[in-house]
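So you can see what is in the structure, the chains are spelled out below.
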Amino acid sequence: MKDFYDCVVIGAGPAGGTTAAIVAEAGHKTLLIEREAVPRFHVGESLMPETYWPLQRLGLVDRMKSSGWQRKKSVQFVSHTGKESAPFFFEEHDDRECATTWQVERSEFDQMIFERAEELGADCHDRTRLMDVRFENADETAGDGGDSQPRATGVVVRDASGTERTIDCKVVVDATGQQSFIAGKLGLKEVNEDLKKAAIWTYYKDAVRGEGDNDGATIILNTEGKESWFWFIPQSRGITSIGCVGDHEYLLKGRGTPEEIFNEELARCPGLQPRLENATRVSKFLAAKEFSYMTSAHSGPGWVLVGDAFGFIDPVYSSGVYFALEMGVQAGDAISAGLTSGDLSEKSLGHWATDFKRGASHLRQLVHAFYDNDFSIGRFMKEYPQYRGNLTDLLIGRIFHEDAGKMFPDMQRSIEKTRQEKLKQSEMTA
């Protein structure tokens, strides 16, 4: 580990690993640090098909094909009554190779990207903890050259031996996940009060999967009352990741152990129960807060946020890894260009963020609809079958084009129609 780098990336998840790989490949001196030993466990195993393109950019598509991970060709939804939707097969919308994606083991997937960054020239160190990000005096630098944020000048880290080191650099990349170190330090984090969720999950062997090309489908299953939902993510070696998500207050406050809560919610999920009748649980129960948030600034002079450090929406449509990879590519290119030109301003390093947020907002709208008890994907498709391609686009992750949100006005009309019907029925029975 040297005393100076062009770029220091903090956190070796998909976002950090990708950013480091892109910057190092361009010939810039790059350090990638991870506080845990690599490989390390992480949830978030389901990939959107659009991950194909950043993986192609990293030169990893062939490794993905030979990985042995479960192939994912579809997404399916199950109502609170147990009624299953027709699967959304990605290849029906796009017959190219990119329409098939993977359900990954994140420890192995993240390690693959970590090693790829090293192959491309980055210095990669695990068991190295960030202690601080160093900034010039904010009062002196804010507004300088059009920048509204303080300038980052380096980091303080503690290496695997326990030694603290100060490292100077031109650019700091915060890929610390939901810790979002820089956003916390500068007061940039904005929590979405409408999406304060929590998750409890575990792993089963021999759960009943879909048939044929639907065998690797991510399945979203609602519970009775729609106060929670389950994910069903088939992985390799017969293992399935199964998790329950609900409002934080509902799921965790004043209830029992994670196992007890999980089983109580499972008893309310008629679509999931038969899939687990002959399955064996092979892991302990895990729990995490899934608060949705965004950051009010995503870059500053000499620093940029990527991945969950930039923002987090919700686990329901499995957008997290794709967003992380895509941000890694876009931020990596911006950093490389800035290092070459000498322009490491807030605008230069974060020029891509506005368009990215615009595309991500379409997924955010779909997430809010999912949690609206007056919305049904099945009903919406019956009322407006012309939007099946648009909805599949969103489920694929194809969100960065001008027509990505064209279905939302009619989707809102569907929701309002359901509300009016419920109100009328309530008045008739009153």
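Residues numbered from 1 in each chain as written. Predicted model: local features only at pLDDT ≥ 70, side-chain atom pairs only at ≥ 80, totals over all residues. Heavy atoms only, no water.

(A) Representation of the overall build of the chain in the model. Helix and strand content of the chain: 14 helices and 19 strands. In terms of overall size, the chain behaves like a compact globule, its C-alpha atoms giving a radius of gyration of 22 Å where 430 residues would be expected to give roughly 22 Å. Projecting the C-alpha coordinates of the chain onto the three principal axes gives extents of approximately 70 × 50 × 45 Å. If you take every contact in the chain between residues at least 6 apart in sequence, the share linking residues at least 24 apart comes to 75%. Looking at the chain as shown, the accessible area adds up to about 18,000 Å², and 46% of this sits on carbon and sulfur atoms. Distance from the positive charge centre (50 side chains) to the negative charge centre (66 side chains) of the chain: 2 Å. (Helix = DSSP H or I, 4+ residues; strand = E, 2+ residues; numbered from the N terminus. Rg over C-alpha atoms; globule rule 2.2 N^0.38 Å. Contact = heavy atoms within 4.5 Å. Areas by Shrake-Rupley, 256 points an atom, 1.4 Å probe, with all protein chains shown as cover. Lys, Arg positive; Asp, Glu negative; His and termini not counted. Charge placed at Lys NZ, Arg CZ, Asp CG, Glu CD.)

(B) Structural detail: the environment of Val75. Topologically, Val75 is positioned in strand S4 (residues 74-78). By relative accessible area, which is 7% here, Val75 ends up buried. Separated by 158 residues in sequence, Val75 and Ile233 have C-alpha atoms that sit 9.9 Å apart. Each residue touching Val75, except ones within four places of it in the same chain, is listed here: Pro87, Phe88, Phe90, Ala217 and Thr218. (Buried < 20%, exposed > 50% of the residue type's maximum accessible area, 1.4 Å probe, protein only.)

(C) View of the packing of aromatic side chains. Counted according to the given criterion, the structure contains 22 aromatic pairs. Ring centres of Trp229 and Phe370 lie 5.7 Å apart, and the angle between their planes is 85 degrees; this geometry places the pair in the edge-to-face category. In this pair, Trp229 is assigned in strand S13 (residues 228-234) and Phe370 in helix H11 (residues 353-370), connecting sequence segments 141 residues apart. What makes Trp229 buried here is its relative accessible area of 1%. Their ring planes at 35 degrees and their centres at 5.5 Å tell us that Phe356 and Phe400 sit as a pair that is tilted. Within this pair, whereas Phe356 is found in helix H11, its partner Phe400 is found in the loop between helix H13 (388-396) and helix H14 (408-429), the two being separated by 44 residues in sequence. The exposure class of Phe356 is buried, given its relative accessible area of 3%. Classification of Phe400 by relative accessible area gives partly exposed; the value is 36%. (Phe/Tyr/Trp six-rings, centres within 6.5 Å; stacked < 30°, edge-to-face > 60°.)

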